[in-house]
Amino acid sequence: MIFQIEISIFRSEIINQKQSTNMKVGIPKEIKNNENRVSVTPSGVAEFVKNGHEVYVQHTAGENSGFPDSEYEAAGAKILPTIEAVYEMADMIVKVKEPIEPEYKLIKKDQLLFTYFHFASDEELTKAMIESGAVCLAYETVRKEDRSLPLLIPMSEVAGRMSIQEGAYYLERPRGGKGKLMGGVPGVKPAKVLVLGAGVVGYNAAKVAAGMGANVTIMDVSLPRLRYLDDVLPANVTTMYSSNYNIRKELPDTDLVIGSVLIPGAKTPHLVTRDMVPLLKKGSVMVDVAIDQGGCFETSHPTTHTDPIYEVDGVVHYAVANIPGAVPMTSTIALSNATLPYAIKLANMGWREACKADKALAQGLNIVNGKVVFPGVAQAWNLPLETVEL
């Protein structure tokens, strides 16, 4: 079966975990605009059940990702009719995206929420989770000693590749773009793509854009990273040190800009400021993949899959905050492959013991029982930074 990889990745780790409790795990249906992913696949449910936990899945939660209720039931889950019932039953809620306003009142004190939060870009969400008294463990700040972000990587891979797919689509004239083909044709120059940030998103964006035949420039402030990408990416990708001067110099003949800068758990700096947008020709496209963390274009504001674009000075802006939600059959499995080992550990050991045993997981703690415990969140909203007693 296609999902066997999810099991083999962590089976040996689970054997050595001390189970401290029977956990009631809740899988609600995502209610953010056009969010079609689900946090746990049926094979993941089977792993929870095998470890002695109860799993409650909201009716049709996995349907848009290709997983009907019947598959969850066969794996041992109990299907509940409403989101309210799932939150009421669960000790731990496993989600994909941050709770939105209708969910705030459903969250209970001491309930563990394991999902993407991106608190540094959403003050209302931060205050709501403080008031809830819940334990908020964020996928995006789980961080290993090598500084990698294991729960962000799979969705960054999807978002980076999709950023070029969407950018190419909106470069078409009927979509508001200048009418330019990414790869050009013999006798006609290809499109020029500027990628800001050479992390996982930026690398995947550059790789796909280059594969389509575009001329790509990728910028970053890390020279070791640029040296590496210069070796592994094809000849139609040029690396360049990122600076305000260099960005301004590149914009006038750029067709598509990808914003892919990330400072884990903190607000993203604006690399393209308001006064820089008119440097781009009308019909150029800007895709802000960093919008979850506030965006790296000053003119960005979050959009949805239903209404994904708007224009500033004739430049098309695409700033959908859940890009991978458009391809849930791919992104659900990729996300579950990464998050499930950590979710099983949290269920087996409880969040305190699990975070004691796993320093990477401990980095995911953002808000605990009304206290902000992650520096980037405290700094973003001028809140006191507390310590968490594990």
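Residues numbered from 1 in each chain as written. Predicted model: local features only at pLDDT ≥ 70, side-chain atom pairs only at ≥ 80, totals over all residues. Heavy atoms only, no water.

(A) The nonpolar core, seen in detail. Phe-48, Met-182 and Val-193 are the most contacted members of the largest nonpolar core, which has 79 residues in total. Broken down by element, the residue count for this core peaks at 13 residues, all from helix H11 (residues 328-357). Those residues in contact with Val-193 that lie beyond four places of it in its chain are Ile-164, Met-182, Ala-209, Ala-214, Asn-215, Val-216, Thr-217, Leu-256 and Ile-258. Counting 25 residues, the second-largest nonpolar core is a separate cluster that includes Leu-106, Leu-125, Ala-138 and Trp-381. (Core = buried A, V, L, I, M, F, W, Y, C linked by side-chain atoms within 4.5 Å. Buried < 20%, exposed > 50% of the residue type's maximum accessible area, 1.4 Å probe, protein only. Helix = DSSP H or I, 4+ residues; strand = E, 2+ residues; numbered from the N terminus. Contact = heavy atoms within 4.5 Å.)

(B) Expanded view of the packing of aromatic side chains. Evaluated as defined, the whole model comprises 5 aromatic pairs. Aromatic side chains Tyr-116 and Tyr-139 sit 4.8 Å apart centroid to centroid with 85° between the ring planes, which places their arrangement in the edge-to-face category. With Tyr-116 in the loop between strand S5 (112-115) and helix H6 (123-132) and Tyr-139 in the loop between strand S6 (135-138) and helix H7 (153-170), this pair connects stretches of sequence that are 23 residues apart. Tyr-116 sits in the buried class, given a relative accessible area of 3%. Its relative accessible area of 0% is what places Tyr-139 among the buried residues. Between Tyr-170 and Tyr-318 the ring centres are 5.8 Å apart and the planes differ by 40°, which places this aromatic pair in the tilted class. On the criterion of sequence distance, the pair formed by Tyr-170 in helix H7 and Tyr-318 in strand S13 (residues 315-318) is long-range, its members being 148 residues apart. In this structure Tyr-318 comes out as buried when scored by relative accessible area, which is 3%. Taken together, the ring pairs connect Phe-114, Tyr-116 and Tyr-139 into an aromatic cluster. (Phe/Tyr/Trp six-rings, centres within 6.5 Å; stacked < 30°, edge-to-face > 60°.)

(C) Expanded view of the pattern of salt bridges. Enumeration over the complete set of coordinates arrives at 18 salt bridges. Across the pair Glu-98 and Lys-32 runs a salt bridge whose closest N-O atoms are separated by 2.7 Å. With a gap of 66 residues between them, Glu-98 in the loop between strand S4 (92-94) and helix H5 (101-104) and Lys-32 in the loop between strand S1 (24-27) and helix H2 (42-50) connect regions that are remote in the sequence. For the pair shown, Glu-98 and Lys-32 are each scored as buried. Taken together, the salt bridges that share partners define one network made up of Lys-32, Lys-97, Glu-98 and Asp-292. (Salt bridge = Lys/Arg side-chain N within 4 Å of Asp/Glu carboxyl O.)

(D) Region of interest: the sheet that holds S4. Spatially, S3-S2-S1-S4-S5-S6-S14-S15 is the arrangement adopted by the 8 strands of the open sheet, whose pairing is mixed. At either end of the open sheet lies a strand with only one pairing partner, and these are strand S3 (78-80) and strand S15 (371-372). Pairing between S6 and strand S14 (residues 365-368): 3 bridges, direction antiparallel. By the bridge assignment, Val-135 is partnered in S14 with Val-368. Where H2 meets the sheet, it contacts S1, strand S2 (54-58) and S4, and its direction lies at approximately 150° from that of S2. On top of the sheet, H6 reaches S5, S6, S14 and S15; it is set at about 55° to S14, its chief contact. (Pairing = 2+ DSSP bridges. Axes fitted to C-alpha atoms, helices over the stretch in contact; angles between N-to-C directions.)

(E) Representation of the pairing of strand S9 (residues 237-241). With 5 bridges joining them, strand S8 (residues 215-220) and S9 adopt parallel strand pairing. Paired with Ile-218 across the strands is Thr-239, a residue of S9. Handedness of the crossover joining S8 and S9 through helix H9 (residues 223-232): right-handed. (Right-handed = clockwise from strand over helix to strand, strands pointing away.)

(F) Spatial organisation of the sheet that holds strand S10 (residues 256-259). Taken in spatial order, the 7 strands line up as S9-S8-S7-S10-S11-S13-S12 in an open sheet, and their pairing is mixed. The open sheet has two free edges, formed respectively by S9 and strand S12 (309-312), since each of these has just one partner strand. Averaged over neighbouring strand pairs, the angle between their axes works out to 20° when direction is ignored. Both strand S11 (residues 285-288) and S13 contribute to a ladder of 3 bridges, which runs parallel. Looking at S13, one finds that Val-287 is bridged to Tyr-318. The sheet contacts of helix H8 (residues 200-211) involve strand S7 (192-196), S8, S9 and S10, and relative to S8 the element is tilted by about 170°.

(G) Looking closely at the layout of surface pockets. One number sums up the size of the largest pocket: a volume of about 960 Å³. Lining the largest pocket are 42 residues, with Leu-152, Val-201, Ser-260, Val-261 and Leu-262 positioned closest to its centre. Mapped onto the lining of the largest pocket, the elements with two or more residues apiece are H7, H8 and S8. Split by residue class, the lining of the largest pocket holds 25 nonpolar, 10 polar and 7 charged. Of the pockets and cavities examined, the second largest pocket occupies roughly 290 Å³. Contributing to the lining of the second largest pocket are 18 residues, with Lys-32, Ile-291, Asp-292, Pro-302 and Ala-321 lying nearest its centre. When the residues that make up the lining of the second largest pocket are grouped by side-chain class, the tally is 4 nonpolar, 8 polar and 6 charged. (1 Å grid on protein atoms, 1.4 Å probe; cavity = no way out; pocket = protein on both sides within 12 Å on 5 of 7 lines; lining within 4 Å. Points joined across faces, edges and corners; volume = space filled by probe spheres on them. Nonpolar A, V, L, I, M, F, W, Y, C, P; charged D, E, K, R; others polar.)

On their own, these measurements won't tell you what the molecule is for.
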